[in-house]
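Next come the chains, spelled out residue by residue.
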Amino acid sequence: MAPEPTATFSPEQSTTVNRLATSLTFVAPLLLLAGFVRIAIGVVDIVHGQWSGLLAIPAGALLAFAGLALWAGASDAKYLHDVKGREKEHLSNTFDSINTAFTALLIFGCYEAFLGFINMWV
Amino acid sequence: MSATATDTPSTPLHDYLVTGETLFVTGAVLAFVSDIILTFRSLVLPNWIGLALGMAFILGTLFFINWLYSGAKQARLPAALWAGLQIAIALVGTILLLNLTYRWDYHFYKIGATLPPALSVSWVIGGIFKMVAYTIFLYLITQRGPALFFLRHRGGETVEAPSPTTPPEDVHPTGIVLPLTADQTGKADALGSTLQKAGFALMTAGFFEAVVGGQRIATTPRLGWLTLGEGVVLLVLGVIALAPVAAVRNIKERGTDTAYVNDALVKLGGLFSKQILLTLALVALGIGGLILRLAKG
């Protein structure tokens with residue numbers, strides 16, 4: 001019989017990982033929702049004849065994508081907490097998912113900054 | 001500089017404590033002076049409610065400064081909340097006064113004429129000064145730096161003397177190493193870099209959006225305020241995204257001890273727990289904007 005894998009994190013550190021997983025579980029659907037709301041605003045603007053609404057759709061898509069990536073991150077963090085002996089892989093995956101989400105938020109920030117700068121003068 | 005009297009002069013610890021005490025006292029004096037100025041203004045006006053509240057603010061700030069100076073660990077959270085409350089009061093008062101001056105939104109003219117003086121914020125420059133002063137004070141007592149180091153030292157907490165290789169308030173390795181590959185530590189480093197870039201991008205976006213919102217308040221007040229609110233949320237989101245950067249980078253720079261990994265996870269957890277509230281605010285503002293557009297159509 002294979003020996004039981006030992007936990008790398010102490011019980012206190014394990015609580016930290018669990019807290020991160022919980023936070024991610026809450027923030028991911030909220031970001032997804034924020035993205036959908038932005039897309040809906042864009043669609044309503046277009047329906048009302050304001051083509052500037054088109055600009056809200058990529059921003060909404062980026063927010064929603066960040067939400068999806070964090071959702072994956074929440075699962076990775078949960079595995080990091082639950083699965084003993086494979087912490088390296090799950091930690092790496094958690095960082096990867098958060099990195100993907102924040103890359104989307106980086107593009108969102110640059111896009112919104114560009115639009116905001118233009119809107120200041122229009 | 002009484003707190004440093006017991007340490008041998010001109011050692012790195014002594015110098016660091018002197019810097020910490022000087023910074024703490026400077027921050028405290030700035031906060032205190034901002035309240036003195038605004039309370040004096042309430043006396044000159046005169047506005048008796050503002051005067052009474054201003055006196056209460058002065059006494060409250062003195063109480064918290066004194067409590068903090070004793071080194072008591074339990075003083076830091078209430079003092080931070082008090083500073084946060086003062087920033088919020090100064091912010092509300094200043095915005096209402098600016099609204100009166102620049103005629104952004106007529107809905108707030110009436111309240112703008114009565115509330116700021118009653119909150120002991122009867123002068124725009126004084127209000128801005130109070131906001132800045134309390135923000136500096138809040139930063140000094142909550143962020144790792146010489147002032148917090150000084151307060152912890154005064155409270156008898158175990159703190160190590162800082163040096164170029166071991167910054168103050170640092171994480172102590174446990175000796176248990178998570179054997180990450182170069183590729184895996186590289187991912188942590190990449191995350192730190194992305195968080196930093198995203199933080200600055202979100203702050204820039206938030207600033208521009210807030211300005212655009214402010215510009216639109218005069219013509220479309222409700223949408224203007226919502227845009228301004230979204231800008232502020234993005235700005236704060238950018239600021240908090242920077243908080244875990246150093247801790248995440250430590251994994252590559254200082255080693256893969258579980259203490260460093262755990263510290264990075266703690267900071268990331270803190271970021272996401274704050275992001276929950278900010279994203280909720282973003283959703284609420286977005287839904288508000290959507291309802292306004294639907295009502296208009």
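Predicted model, so just to flag it, every value in this text is computed and none were measured.

Now, about the overall build of chain A: what can you tell me, with residues and values included?
A tally of regular secondary structure across chain A gives three helices and zero strands. Here chain A has a C-alpha radius of gyration of 19 Å; the compact-globule value for 122 residues is 14 Å, and the former is much larger. Overall, chain A is about 70 × 25 × 20 Å in size when its C-alpha atoms are taken along their principal axes. Looking at the 122 residues of chain A, the share that counts as buried comes to 50%. Contacts in chain A between residues at least 24 apart in sequence constitute 67% of all its contacts with a sequence separation of at least 6.

Which residues make up the overall build of chain B, and what values go with them?
Looking only at helices and strands, chain B features 10 helices and zero strands. Helices and strands appear in chain B in the N-to-C order α-α-α-α-α-α-α-α-α-α. Judged by the C-alpha coordinates and their principal axes, chain B covers about 60 × 50 × 25 Å. Considering only intrachain contacts with a sequence separation of at least 6, the fraction spanning at least 24 residues in chain B is 69%.

Talk me through the nonpolar core; I want residue IDs and the actual numbers.
In this structure, A:Leu24, A:Leu31, A:Ala66, A:Leu70, A:Leu105, B:Leu202 and B:Ala264 are the most contacted members of the largest nonpolar core, which totals 72 residues. Of all the secondary structure elements, the ones that give two or more residues to this core are α1 (11-47), α2 (56-82) and α3 (87-121) of chain A together with α7 (182-216), α8 (221-241), α9 (245-253) and α10 (258-296) of chain B. Here this core gets 15 residues from one element, more than from any other, and that element is α1(A). Each residue touching A:Leu105, except ones within four places of it in the same chain, is listed here: A:Ala66, B:Ala198 and B:Leu202. Counting residues in hydrophobic clusters, the runner-up holds 32 residues, among them B:Ala90, B:Leu119, B:Phe137 and B:Ile141.

Which residues make up the environment of B:Ala284, and what are the values?
Residue and element names in this part refer to chain B. Relative to the elements of secondary structure, Ala284 occurs in helix α10. Here Ala284 falls in the partly exposed class, since 15 other C-beta atoms lie within 10 Å of it. Between the alpha carbons of Ala284 and Leu226 there is a distance of 9.5 Å; along the sequence they are 58 residues apart.

Describe in detail the confidence of the model for chain B, supporting the description with residues and values.
Residues and elements named next belong to chain B. The share of residues in chain B with pLDDT of 70 or more is 93%, and the mean pLDDT across the chain is 88. The lowest-confidence element of chain B is α9, averaging 88 in pLDDT; the highest-confidence one is helix α2 (residues 48-69), averaging 95. Reported for the predicted complex are a pTM of 0.75 and an ipTM of 0.93.

Before we move on, can you summarise the domain arrangement of chain B with the specific residues and values?
Accessible area lost during the coming together of the parts is what is often quoted as the interface size. When its domains are assigned, chain B resolves into domain 1 (12-154) and domain 2 (182-292). Measuring from the centre of the C-alpha atoms in domain 1 of chain B to the corresponding centre in domain 2 of chain B gives 25 Å.

Quick rundown of the environment of A:Leu20? Include the residues and the values.
Relative to the elements of secondary structure, A:Leu20 occurs in helix α1. Measuring from C-alpha to C-alpha, the distance between A:Leu20 and A:Asn99 comes to 15 Å, with 79 residues separating the pair along the chain. Sequence-distant contacts of A:Leu20, that is, excluding residues within four places in its chain, are made with A:Ala77, B:Leu265, B:Leu268, B:Gly269 and B:Phe272.

I'd like a description of the interface of chain B and chain A, backed by residues and values.
Taken together, the contact pairs 45 residues of chain B with 42 residues of chain A. Listing elements by their share of the side of chain B that touches chain A, those giving two or more residues are α7 and α10 of chain B. The leading source of residues in the side of chain B that touches chain A is α10(B), at 21 residues. For the side of chain B that touches chain A, the per-class residue count stands at 28 nonpolar, 13 polar and four charged.

Please give an account of unusual backbone geometry that cites residues and values.
Residue and element names in this part refer to chain B. Omega for the peptide link from Leu45 to Pro46 comes to -10°, which places this bond in the cis form. Mapped onto the elements of the fold, Pro46 is located in the loop between α1 (12-44) and α2. Although it is not a glycine, Ser120 sits at a positive phi angle of roughly 65°. When you line up the elements, Ser120 lands in the loop between α4 (109-118) and α5 (124-142). The class for Ser120 is buried, based on 29 C-beta atoms found within 10 Å.

Go over α8(B) with me, naming the residues and quoting the values.
For α8(B), which comprises 21 residues, the first-to-last C-alpha distance of 30 Å matches the rise-based estimate of 30 Å (1.5 Å per residue) to within 8%. Here α8(B) has its buried residues at B:Trp225, B:Leu226, B:Thr227, B:Leu228, B:Glu230, B:Gly231, B:Val233, B:Leu234, B:Leu237, B:Gly238 and B:Ala241. Contacts from the buried residues of α8(B) go to α3 of chain A together with α7 and α10 of chain B.

Criteria and thresholds
Throughout, residues of each chain are indexed from 1 in the direction in which the sequence is written. Chain letters and ligand numbers both follow the written order, the letters beginning at A and the numbers at 1. Note on the predicted model: pLDDT of at least 70 is required for a residue's local features to be given, and 80 or more for side-chain atom pairs to be given and counted; whole-chain, interface and lining totals, by contrast, use all residues. Only runs of H or I of at least four residues qualify as helices and only runs of E of at least two qualify as strands under DSSP, and these elements are numbered from the N terminus. The globule rule used here is 2.2 Å times the number of residues to the 0.38 power, and the radius of gyration it is set against is calculated over C-alpha atoms. Neighbour density around each residue's C-beta defines its exposure: 20 or more other C-beta atoms within 10 Å make it buried, 12 or fewer make it exposed, and counts between make it partly exposed, where C-beta atoms are placed from the backbone. Here contacts are defined at the residue level, using C-beta atoms placed from the backbone and a cut-off of 7 Å between them. When buried Ala, Val, Leu, Ile, Met, Phe, Trp, Tyr and Cys residues are joined through C-beta atoms within 7 Å, the set is termed a nonpolar core. By definition, pLDDT measures how confident the predictor is in each residue, and it falls between 0 and 100. Annotation comment: domain bounds sourced from an automatic or database domain assignment. Polarity classes work like this: nonpolar for Ala, Val, Leu, Ile, Met, Phe, Trp, Tyr, Cys and Pro, charged for Asp, Glu, Lys and Arg, and polar for all others, with Gly in that last group. A helix's residues, less one, multiplied by 1.5 Å, set its expected span.

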